[in-house]
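Summary of the model geometry
Chain by chain, the residues run as shown.
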Amino acid sequence: MMQDNKNSDSPDLLKSKINDVQSFFKNTLSSLDKRPLIGWFCTYTPEELIIAGGFTPLRIMGSKKIVKSESYFPINFCPYIKSSWDSLLSDMSNLKALVFTNSCDGMRRLYDTANTYLKKIPSHLLDVPRLRGEDSTAFFRVNLAHMKRFIENTAGVKIREKEIAEAVLLINKKRRLLEKFSLIFKKFPRHIYISTYYRIMELSMTSEAQVFIDELEKYLKFIEDSAGQNKTISETDRGSIPGIMVIGNFITEEKLWDMLSSMKLRVASDDLCISSRYFIKLVDKDGSTDILTSLARRYLNKSPCMRMADLGLKLKEIENTIIENSIEGIIFISLKFCDTVLYSFPLLKERFNQMGIPVLYLEMEYNNFSEGQLKTRIQAFLEML
Amino acid sequence: MNQKYIKRLLGIIAKKPILYTYGSTFSSVSDKYLNIFTIESLRNAYSDNSHPVGFGSLFVPYEMLHALEITPFPPEVMAGFTAGLGIASQTIKQSASNWYSQDLCTFHRSASGALELDVFPKPDFILATNLACDAAQKSFYIYSKKYGIEKNFYLIDVPYHYSKESLQYLTGQLKNIYMDISSKTGREPDYSKFREIISLSNEFRNWAVKVNDLRKDLTEYPPYFNALNYILPFHVLPGTEKAVTLYKHMYRELKKYLAIQQGKNGSKGNLPKRILWLHLKPYYKSEIFDILKKENCIVVFEEINYVYWPELDPLKPFESLAKKMLSHFLGGKIDNRVKVILDIAREYKIDGAVLFSHWGCRQSNGGARIIKDSLKKLGIPTLVIDGDCVDRNNSSHGQIKTRMQGFLEILNSKT
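The written sequence of each chain sets the order in which its residues are numbered from 1. Chain labels run from A onward and ligand labels from 1 onward, assigned in the order the entries are written. Owing to the predicted nature of the model, reporting of local features is limited to residues with pLDDT of at least 70; listing and counting of side-chain atom pairs is limited to 80 or more, with chain, interface and lining totals taken over all residues. Side-chain metrics rest on all non-hydrogen atoms present in the structure, leaving aside hydrogens and water.

**Some words on the packing of helix α8 (residues 161-187) of chain A against helix α10 (residues 209-229) of chain A**
Residues and elements named next belong to chain A. As a reminder of what qualifies: Fitting a line to C-alpha atoms yields each axis, with helices limited to the stretch in contact; the angle taken between N-to-C directions then spans 0 to 180 degrees. Where helices and strands are cited, they refer to DSSP runs of H or I of at least four residues and of E of at least two residues respectively, numbered from the N terminus. Under this scheme an angle from 65 to 115 degrees is roughly perpendicular, one under 35 degrees roughly parallel, and one over 145 degrees roughly antiparallel; angles in between are oblique. Should the near helix be turned anticlockwise from the far one by less than a right angle, the crossing is termed left-handed; should it be turned clockwise, right-handed. It only takes one pair of heavy atoms within 4.5 Å for two residues to be counted as in contact.
Running from amino to carboxyl end, α8 crosses α10 at an angle of 30 degrees, the nearest separation of the two axes being 10 Å. Relative to α10, the element α8 lies roughly parallel. Regarding α8 and α10, the two cross each other, and that crossing is left-handed. Side by side, α8 and α10 meet where Leu 170, Ile 171, Lys 173, Lys 174, Leu 177, Leu 178, Lys 180, Phe 181 and Ile 184 of the first sit next to Ala 209, Gln 210, Phe 212, Ile 213, Leu 216, Glu 217, Tyr 219, Leu 220, Ile 223 and Glu 224 of the second.

Here it is in structure tokens:
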């Protein structure tokens, strides 16, 4: 059994066990087989409402190849959006509905495209304000009520507050565990591969929450027990590996994570919408406010995407992360044609220069990059550190 | 070229006798006023120290700036000027050295470069909106950082849907911005002035509607007249006497041309093919419009000149301006834009549409397929031209020419 940990395990064997995602997350990987799903795209989508309606939220990750999308969107268009459209045009038989957000111009056009050419799957666009504050929260609460009605219509049942509250507890638990996992990942960089970390993050958004939570708990326990019993895994193993922060958007490139795993670096922190921007901040249900307002507060005040109005706040957050985690270098990596993230780079670059933090700037297509060239650039960057 | 040089130059050419002599060199009265008012507006932005300067993105409600007596300066429109003046390659190069990706819109890149090269006047306030475009809200925030005026940066967050709640949310934002700027400039809110501005905006709107109605029958235009050049008066000047004067003159001038055209209509001859222009055009010298003319095609309307908003209520300035923003067809679903395009297609009896797919404009280009398919249902072909409105080096002129010729052959083969 892969999950058994023994004092006698050699470092290599232990490492191989920890990185065997298939074994640890067997149920998670098959959890979606027959469940009614609602697809979502952006981390501003409250999964809680989808779960309360009796559906499993599934983040659309996009297909590996972009083929059909080329005739729907221009060449210089977000590759995540194009690959998502390709996957929607393929077999998505379990998908009962789609929830989009007005995250960016590209996402608005993806919604329009789905609405026009994929009428068999009902779709909804959740309007997410770009400002924070009480007015924005009140307005977002109204929009969440619209989304709730859409889910109710899709399910054919009324969603009660109790069901939303239960979903909040569930997703909050997932967030806590993911945060814990991210701390453990930072603690034991030699034992948990970067690719393993991001693979599990991806699973957290594409599987049935309870099944994933159960397996993640077991997985984390295994690592903690191993650290307690086995001298080959310890916190001090960070050694002289430089701590990097990865900043970007929807980066799910397995080959990239594999490559980074094989290099002399550790991801000491990140700011990505497939990781920290997904799980940081819990829904605070204190009983004094209604549940939709609590949800509105959490989502508008979570770790912001660069789409939000106050880029200054984002800069400050990144700056604090750099200091708290003793970051030595930044890898800024963006999908091509992502305006919101690309426009943030001139500001970030200026700030990193002031802080004396080197930064490597990468733009990439979706699941399509020159491995050799990228490796050389990253190696040269690491040497500089 | 920097702001000192421009200020000096504008100081010379904006003097009344010189300016009006310069204006009289234009063969079209509309173009004459367009140029005079543009130069005067710029002169004010560069030299009038008695009023604060406000940068605004294209779709902000400029009426509010006029009401606050803030001299407006639209960097995106100015980016079009960098193309016309032939300095866009410099400004774009500058933006690249400031880490703007080459995949971003060149209106915003060129404006950013111009700002870095000290070509723009220094703003006191910056207003941007997310309406239609992601790029403006981001690049305008960067401008505020550059000038150290982040606290005077305002993003007008325009909701996606038009509803009672979104109107309330937006109205509240506009009111807060107005009050905040009033307090920062040490002025008491002047609602009677605001009412006057709103009335002027309505007057401009009425003339613009009349011009647009008249153009439904018009095929003879003054020499060199191109309605795609009127971005500044249409978007920035509403609420001023200038916009009213310009569109009044435009109406009178085009009416004369219509009379001449109707006088000739004894022999209908070879009627031109009627084109609807979607999105913007290249603002550097381009042969696109020469090709259209040569092939007996005429742009009968441009979607950017469509009057999309209802009359404003002078007694409810904030709510009216919020309604104006929420009525924009580039906000919300693409269906809003498609509806406007199809309405124009029917009203202007168009034979074909040209969508100029400006590099980096995701909101427009991302809907090209839907627009094309929608027009196709009416039997109207659409040509999507991949190009760049600002950077001539980013447009393949040979390819554009070939594609246009192919499209025009299709149009001309239709009886």
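**Side note on a nonpolar patch on the surface**
Residue and element names in this part refer to chain B. Short version of the rule: Exposure above 30% relative accessible area and the absence of a salt bridge qualify a residue for a patch, where like charges join within 9 Å and nonpolar side chains (Val, Leu, Ile, Met, Phe, Trp, Tyr) within 5 Å. Residue-level accessible areas treat just the shown protein chains as cover; the underlying method is Shrake-Rupley with a 1.4 Å probe. By salt bridge we mean one thing: a side-chain nitrogen of Lys or Arg within 4 Å of a carboxyl oxygen of Asp or Glu. Exposure is judged per residue with a 1.4 Å probe applied to protein chains only, and the accessible area is read against the type maximum: over 50% gives exposed, under 20% gives buried, and values in between give partly exposed.
A surface patch of nonpolar side chains, about 410 Å² in accessible area, is lined by Met 1, Tyr 5, Leu 9 and Leu 85. One can find Tyr 5 in helix α1 (residues 3-13). Assessed through its relative accessible area of 39%, Tyr 5 is described here as partly exposed.

**Remarks on the interface of chain A and chain B**
Let me state the cut-off plainly: Accessible area that two parts lose when put together, evaluated with a 1.4 Å probe and summed over both, is termed the buried area. What qualifies as a polar contact is a pair of N or O atoms within 3.5 Å, subject to a donor-acceptor requirement within protein and to the restriction that residues adjacent in sequence count only when both atoms come from side chains.
In this complex, chain A contributes 47 residues to the contact, which on the side of chain B involves 46 residues. A combined buried area of about 4,100 Å² lies between chain A and chain B, and 57% of that area is made up of carbon and sulfur atoms. When the shortest N-O distance is used, the salt bridge between A:Asp339 and B:Arg362 registers 2.8 Å. Where chain A meets chain B, there are 22 residue pairs in polar contact (both at pLDDT 80 or more). Every element with two or more residues in the side of chain A that touches chain B is listed here: α6 (105-117), α7 (134-155), α14 (311-324), α15 (339-342), α16 (345-355) and β8 (359-364) of chain A.

**Digging into the pattern of salt bridges**
Residue and element names in this part refer to chain A. Across all of its chains, the model carries 40 salt bridges over all chains by this definition. Its salt-bridge partner being Glu 319, residue Lys 316 comes within 3.6 Å of it at the nearest N-O pair. With Lys 316 and Glu 319 both in helix α14, this residue pair falls three residues apart, about one helical turn. Here Glu 319 falls in the buried class, since its relative accessible area comes to 13%.

**As for the confidence of the model for chain B**
Inclusion rule: Every residue is assigned a pLDDT by the predictor, reflecting its confidence on a scale from 0 to 100.
When pLDDT is averaged across chain B, the result is 95; 99% of the residues are at 70 or more. Interface predicted TM-score (ipTM) for the complex: 0.96; the corresponding pTM is 0.95.

**Observations regarding the sheet that holds strand β1 (residues 37-40) of chain A**
Residues and elements named next belong to chain A. For the record, the criterion: Two strands qualify as a pair provided that DSSP identifies no fewer than 2 bridges between them.
Pairing is parallel in the open sheet, where four strands are placed in the order β2-β1-β3-β4. The open sheet terminates on both sides in strands that have one partner only, identified here as β2 (56-59) and β4 (123-126). The average angle at which neighbouring strand axes cross in this sheet is 25 degrees, direction not considered. Across four bridges, the pairing between strand β3 (residues 95-101) and β4 is parallel. Considered in β4, the bridge of Thr 101 is made with Leu 126. Where α7 meets the sheet, it contacts β1, β3 and β4, and its direction lies at approximately 170 degrees from that of β4.

**Concerning helix α11 (residues 254-261) of chain A**
Two residues of an α-helix separated by three or four positions point the same way, owing to the 3.6 residues in each turn. Residue and element names in this part refer to chain A. Stated precisely, the cut-off is as follows: The directions from the helix axis to the C-beta atoms form the arc being described.
Among all positions in α11, only Leu 256, Trp 257, Met 259 and Leu 260 are buried. One side of α11 carries all its buried residues, which in axial view fall inside an arc of 160 degrees. Taken together, the buried residues of α11 touch α9 (194-205), β7 (329-335), β8 and α17 (371-384).

**Focus: α1(B)**
Residues and elements named next belong to chain B. Of all the positions in α1, only Gln 3, Ile 6 and Leu 10 are classed as buried. Along the long axis of α1, the arc covered by the buried residues comes to 60 degrees, so they all point the same way. Within α1, the exposed residues directed more than 90 degrees away from the buried face are Lys 4 and Arg 8. Looking at the packing, one finds that the buried side of α1 touches α3 (29-47). One side-chain oxygen of the residue at the start of α1 lies 3.2 Å from the amide nitrogen of Lys 4, identifying that residue as Asn 2.

**Side note on the environment of B:Met64**
Residues and elements named next belong to chain B. Relative to the elements of secondary structure, Met 64 occurs in helix α4 (residues 62-67). For Met 64, a relative accessible area of 1% gives the class buried. The spatial distance from the C-alpha of Met 64 to the C-alpha of Ser 182 is 11 Å, given a sequence separation of 118 residues.

**Focus: the packing of aromatic side chains**
Applicable threshold: Note on ring pairs: Phe, Tyr and Trp rings are taken, using the six-membered ring of Trp, and paired if centres are within 6.5 Å. Classes follow the plane angle, with under 30 degrees stacked, over 60 edge-to-face and the rest tilted. Placement of a positive charge over a ring is assigned whenever Lys NZ or Arg CZ falls within 6 Å of the ring centre and within 35 degrees of the normal to the ring plane.
Scanning all chains against the criterion turns up 54 aromatic pairs over all chains. With a centroid separation of 6.0 Å and 90 degrees between ring planes, the pair formed by B:Phe55 and B:Tyr147 is classed as edge-to-face. Taken together, the positions of B:Phe55 in strand β1 (residues 53-56) and B:Tyr147 in the loop between α8 (134-146) and β4 (153-156) put the pair 92 residues apart, joining distant regions of the chain. In this structure B:Tyr147 comes out as buried when scored by relative accessible area, which is 18%. Measuring from ring centre to ring centre gives 4.5 Å for B:Phe301 and B:Tyr348, while their planes differ by 20 degrees; the resulting arrangement is stacked. Highlighted residues: B:Phe301 in strand β6 (residues 297-302) and B:Tyr348 in the loop between α15 (334-347) and β7 (352-358), separated in sequence by 47 residues. With relative accessibility at 1%, the residue B:Phe301 sits in the buried group. For B:Tyr348, a relative accessible area of 3% corresponds to the buried category. By the ring-pair criterion, three or more aromatic residues cluster together here, those being A:Phe24, A:Phe25, A:Phe181, A:Phe185, A:Tyr197, A:Tyr198, A:Phe212, A:Tyr219, A:Phe222 and A:Trp257. If you follow A:Lys302 out to its NZ or CZ, it ends over the ring of A:Tyr44, 4.3 Å from the centre. The cationic tip of B:Arg369 hangs over the ring face of A:Tyr117; the distance from NZ or CZ to the ring centre is 4.9 Å.

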